[in-house]
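Residues per chain are reported as follows:
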Amino acid sequence: MTTSPSWRNPDPRRPYPLLIVGAGPAGLLAAKVAARHGARVALIERNLLGGTCLNKGCIPSKALIRTSRLYREMRDAEHFGGSVPGGIAVDFAAVMQRVQRIRARLGEADSAERLAAMGIDVYFGAARFAGPDSVTVGAKVLHFKRALVATGALPVRPPIPGLAEAGYLTYENVFDLTECPKRLLVIGGGPVGCELAQAFARLGSRVTLVQDEPMFLGHEERDAAQLLSDALARDGIEIHLDTQTSQVRVEGNDKVADLINEDTKRTVAVDQILVGVGTAPNVDGLELEAAGVEYDRVLGIPVDDFLRTSNPRIFAAGDVCTENKFPHIESAAGRIVVANALFFGRQRLSEETVPWCTFTDPEIAHVGIYVTEARRKGVPVKTFTVLMHEVDRAIADGEEEGFVKLHVGEGTGKILGATVVASHAGDLINEIALAMSAGLDLHALARANQPYPTQSQAIKMAAGAWVGSRRKSLRSWLSTKWLSRK
Ligand SMILES: Cc1cc2nc3c(=O)[nH]c(=O)nc-3n(C[C@H](O)[C@H](O)[C@H](O)COP(=O)(O)OP(=O)(O)OC[C@H]3O[C@@H](n4cnc5c(N)ncnc54)[C@H](O)[C@@H]3O)c2cc1C
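An account of the accompanying structure is given in this report. (Residues numbered from 1 in each chain as written. Predicted model: local features only at pLDDT ≥ 70, side-chain atom pairs only at ≥ 80, totals over all residues. Heavy atoms only, no water.)

## A short note on the sheet that holds strand E11 (residues 244–251)
Pairing within the open sheet is antiparallel, and its three strands lie in the order E11-E12-E13. On the outer flanks of this sheet lie E11 and strand E13 (265–270), each paired with one strand and no other. Between one strand axis and the next, the sheet turns by 20° as a mean value, whatever way the strands run. Note: strand E12 (residues 254–260) against E13, six bridges, orientation antiparallel. Bridge pairing links Asp258 to Thr267 in E13. (Pairing = 2+ DSSP bridges. Helix = DSSP H or I, 4+ residues; strand = E, 2+ residues; numbered from the N terminus. Axes fitted to C-alpha atoms, helices over the stretch in contact; angles between N-to-C directions.)

## With respect to the environment of Lys62
Tracing the backbone shows Lys62 in helix H3 (residues 58–75). Given the relative accessible area of 28%, Lys62 is considered partly exposed. Separated by 224 residues in sequence, Lys62 and Leu286 have C-alpha atoms that sit 31 Å apart. (Buried < 20%, exposed > 50% of the residue type's maximum accessible area, 1.4 Å probe, protein only.)

## What about the sheet that holds strand E14 (residues 272–275)?
Judged by pairing direction, the sheet is parallel, and its four strands sit side by side in the order E10-E9-E8-E14 without closing on themselves. Edge positions in the open sheet fall to strand E10 (238–240) and E14, since each of these has one partner strand only. Along the sheet, successive strands turn relative to each other by an average axial angle of 15°, direction set aside. Here strand E8 (residues 183–187) runs beside strand E9 (residues 206–210); their pairing, made up of five bridges, is parallel. Bridge pairing links Val186 to Leu209 in E9. Most of the contacts of helix H7 (residues 191–202) go to E9, to which it runs at about 165°, and overall it touches E8, E9 and E14. (Contact = heavy atoms within 4.5 Å.)

## Some points on the state of the cysteines
Evaluation of the coordinates by the stated rule reveals one disulfide. The disulfide bridge from Cys53 ends at Cys58, spanning 2.4 Å between sulfur atoms. Across the disulfide from Cys53 to Cys58, rotation about the S-S bond amounts to roughly -125°, and the bridge is consequently left-handed. For Cys58, a relative accessible area of 33% gives the class partly exposed. With no disulfide of its own, Cys180 has Cys194 as its nearest cysteine by sulfur position, at a separation of 18 Å. Its relative accessible area of 21% is what places Cys180 among the partly exposed residues. Here Cys194 stays unpaired: no disulfide links it, and the sulfur of Cys357, its closest cysteine neighbor, is 12 Å away. Judged by relative accessible area, Cys194 falls into the buried class, the value being 0%. (Disulfide = S-S within 2.5 Å.)

Spelled out as structure tokens, the structure:
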């Protein structure tokens, strides 16, 4: 529930110190922080409070992934000394009911009534800028001193001939399914495509996954992407890398897709097609021209490091922005906007340490710099790696796949970045991100006391490897000095 059917939009009075368009994570967080500081806030949402994250993204996908992990574990029961007498039956309708229940439960925390109780004026309807300091919602005109555009993004719909006619799913409707497709084609090997392909495979779909690049998760390190590829193949997914979907047609009850890579053409017949090829910023219909806010239909709204748009009164945050379009960043962005818009702050997005994670199994998490990026920028970096099969708890858990890699500034000992591939990499990366943002060095990570056994021992071991390498170079320096005296 996001609001009761009897909800009535308030009557706008004086200009709002902060008006926010879009109630996804970026807009909601900014509204709550501003209200907590006692500011009068208007929050306008044209659809569901919580935005993509709560309703069609992070939450429903994670709820589905949890159940799919359970089914995978049941299939692996023998490996753990268990058995499932009578075999495993997936009740897909019940799985999806659980997804809806979780979505509804989390939605209650941000219902319109609760937001109103915090002092936020919630308006339902599509916002349109009427000028540099005003917005309309239906017949109401709202004035503002500062505004935040946090309208998110929409799924990209690729112009594959025949796709629209055949019909397809995106993240907007895949969580409304009540029957598990027997055969599913997933187009797109980014985080959304990989997470959902694996989840549906584990829930019983025969999944074909097509990616037009040579690896999954284009921005991640190659060995991480390779481990993911291997894991997806083990889940029985038919993988086609470097492959284009050239056309789709309907044959009887089947959707038939032609897949082409350099030397082969193949045809796959499925019951459903799920497209996950990225998102496009939600800028249409906002009349940004009236507000003097520059934008690009493909790249979104350009912002500076303080998240200001070309109209200095108007800020933008989250998936609608050109830069820093990482999913996890919107909450930080919402906080920064409030500081900069209401309190003359000078907080910069570039100063945030922001980890992220793709929640496949194993999970792939990253923070800070990539090695290729370091090389490009001429930053000398040394990497310290611990494989998860060296970690006692990972062995005990039967979760030995993956690694922790710490990228350390050569000569400085500063943690510049890390990639973690592990069953719970999304949790493990937090310790490294915290160390980075608090300016802790590797000695601190290596010395930290941890309960034994935990998988985060891998981080301590990687930091310990750096400490060991320092001692080794100190010893060899001392012995060279000593010998040169003789
Ligand atoms: C399947 C999937 C899984 C994901 N999993 C994760 C994850 O695990 N972790 C993670 O960090 N991220 C994840 N993401 C990404 C995450 O959901 C988005 O990055 C995040 O929701 C962006 O937040 P936002 O506030 O910028 O926009 P949104 O959440 O898209 O919210 C924007 C809101 O603005 C409203 N709006 C648009 N135009 C108007 C208008 N004119 N007037 C009024 N309201 C308007 C929309 O209705 C919407 O509610 C996932 C995404 C998908 C699709």
